[in-house]
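Each chain, written out:
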Amino acid sequence: MKRRTLLKRLALIAGIAAVPFKILRAEAATIKTLKRPFHPFKVGALELMVLTDGHIALSPVQPTFPNGSEQAEKALLQKHFRSTEAVDLSMNLLIIKKENDLILVDTGTGGNFGPASGWMLASMADAGISPETITHIVISHAHPDHVGGLLTKEGTPVFPHAQVHIARLEHEFWMAPQQDFSKSKFQDKKLLAAFTASTQTIFKTLQEKVHLFEHGAELLGCLRMELAPGHTPGHTLVHVYSGSEELVHVADLLHSDVLSFQHPEWGFNGDTNFELAMATRKKILANLTQGRQKTFGYHLPWPGIGHVRKQGEGYEWVAEAYAFPE
Ligand SMILES: [Zn+2]
């Protein structure tokens, strides 16, 4: 081959090779500027949307699910092609639109758990929702990854026009001078005291806007509040209904879509009453299976929608599948 031809060919190859590099750079830029995801869907006549507040990785795994052996937990995670080093908890926020009401269930961490979470307001902005338009906030329970988003860093309300609904039982527990954590396996007293103090500050600041509900109550013509105690004393499942359709928001009943379902008895160290939470988890899982209930989990993999099925001695999470990203 003549030298000039060879150079030409090399230039051509170099030219072609340069193209994918350009594309790669463009793709990287696009990924960086990607919007936060949001997932719209319907329950009867209600319009719903899932937003993300980010995620929290719990590591190592075994002490988090204390009743299982490290070996058995790692083997089960491996069987499901999961990391054996951490269980990564989603934080799925549910928004419900009913006529003129815009209802938010739980509010994320408020950025108190590092940069991997606290994304609620960015997610809302990407979904075109302004915090001013939220009319009601329903709190499943008062842990900091659920109530942290109620106040700004400066301690003012994030949702200026929202009424805040929380179970009387839950509110009483956290606002009391002393909390009984003796039945929990989580014994970092300093951290528990810090959580309690921040929850008390939030509910004192918002006291004019706070409404206490009793379990069994119906709220706003589309929500039924069910007591599911153990994770906290007033831990609440939110049944979202319209016509003949219903979605059950199970909040913090389940923390891993693998471990908590196959072995609900392995427990969760963040439960306020470990044994009671375990009994509640087993009972509610059985209920969800029998009713073929559409289920939503705050900490289950994005967007947290699916069904529960019996699997051997335990249960199985069957995540909803989507034909296209909506
Ligand atoms: Zn939680």
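Model, not experiment: these values are computed from the prediction. Starting afresh in each chain, residues are numbered from 1 along the sequence in its written order. At least 70 in pLDDT is required for a residue's local features to be given in this predicted model, at least 80 for side-chain atom pairs to be given and counted, and no such filter applies to totals for whole chains, interfaces and linings, which use all residues. Calculated side-chain values reflect all of the structure's heavy atoms, with hydrogen atoms and water omitted.

1. As for helix α2 (residues 70-79)
Quick reminder of the rule: Whether a residue is buried, partly exposed or exposed follows from its accessible area with a 1.4 Å probe, protein chains only, as a fraction of its type maximum: under 20%, in between, or over 50%, in that order. Here a strand is any run of E in DSSP of at least two residues, a helix any run of H or I of at least four, and the numbering for each starts at the N terminus. Comment: arc refers to directions from the helix axis out to C-beta atoms. Contacts are assigned to residue pairs with any non-hydrogen atoms lying within 4.5 Å of each other.
Residues E73, L76 and L77 constitute the buried set of α2. Seen end-on, α2 carries its buried residues on one side only, within an arc spanning 100°. What points out from α2, more than 90 degrees from its buried face, is the exposed set Q71, Q78 and K79. Looking at the buried side of α2, the elements it contacts are α7 (259-262). Of the residues trailing α2, F81 is marked for its positive phi of about 60°.

2. Re the sheet that holds strand β14 (residues 314-319)
Test applied: We call two strands paired when DSSP finds no fewer than two bridges between them.
Strands sit in the order β8-β9-β10-β11-β12-β13-β14 across an open sheet of seven strands; the sheet is mixed. In this open sheet, the two strands that pair with only one neighbour each are β8 (218-219) and β14. Of the strand pairs in this sheet, strand β13 (residues 305-311) and β14 are connected by six bridges, and their pairing is antiparallel. If you follow G306 over to β14, its bridge partner there is A319.

3. What about the packing of helix α5 (residues 168-175) against helix α6 (residues 189-205)?
Quick reminder of the rule: Here an axis means a line fitted to C-alpha atoms, over the contact stretch when the element is a helix, while the angle between two N-to-C directions is reported on a 0 to 180 degree scale. Angles are sorted into four bins: roughly parallel if under 35 degrees, roughly antiparallel if over 145, roughly perpendicular if 65 to 115, and oblique for all others. Crossing handedness is read from the near helix: turned anticlockwise from the far helix by less than a right angle, it gives a left-handed crossing, and turned clockwise, a right-handed one. Under this grouping Gly is polar, as are all residues other than the nonpolar Ala, Val, Leu, Ile, Met, Phe, Trp, Tyr, Cys and Pro and the charged Asp, Glu, Lys and Arg.
Viewed as axis vectors pointing N to C, α5 and α6 meet at an angle of 120°, and their least axial separation amounts to 9 Å. On the basis of their axis angle, the class for α5 and α6 is oblique. The hand of the α5/α6 crossing is left-handed. Where α5 abuts α6, its residues H171, W174 and M175 lie against T196, T199, Q200, F203 and K204. Across the contact of α5 with α6, the residue classes break down as three nonpolar, four polar and one charged.

4. Topic: the side chain of T272
Note the threshold: Between N or O atoms, a polar contact is any pair within 3.5 Å; within protein, one atom must be a potential hydrogen donor and the other a potential acceptor, and residues adjacent in sequence are included only when both atoms are from side chains.
Mapped onto the fold, T272 is located in the loop between α7 and α8 (274-290). From its side chain, T272 meets the backbone oxygen of H231 in a polar contact 2.7 Å long. The residues contacting T272, other than those within four sequence positions of it, are H143, F173, D180, F181, K183, S184, G230, H231, T232 and P233.

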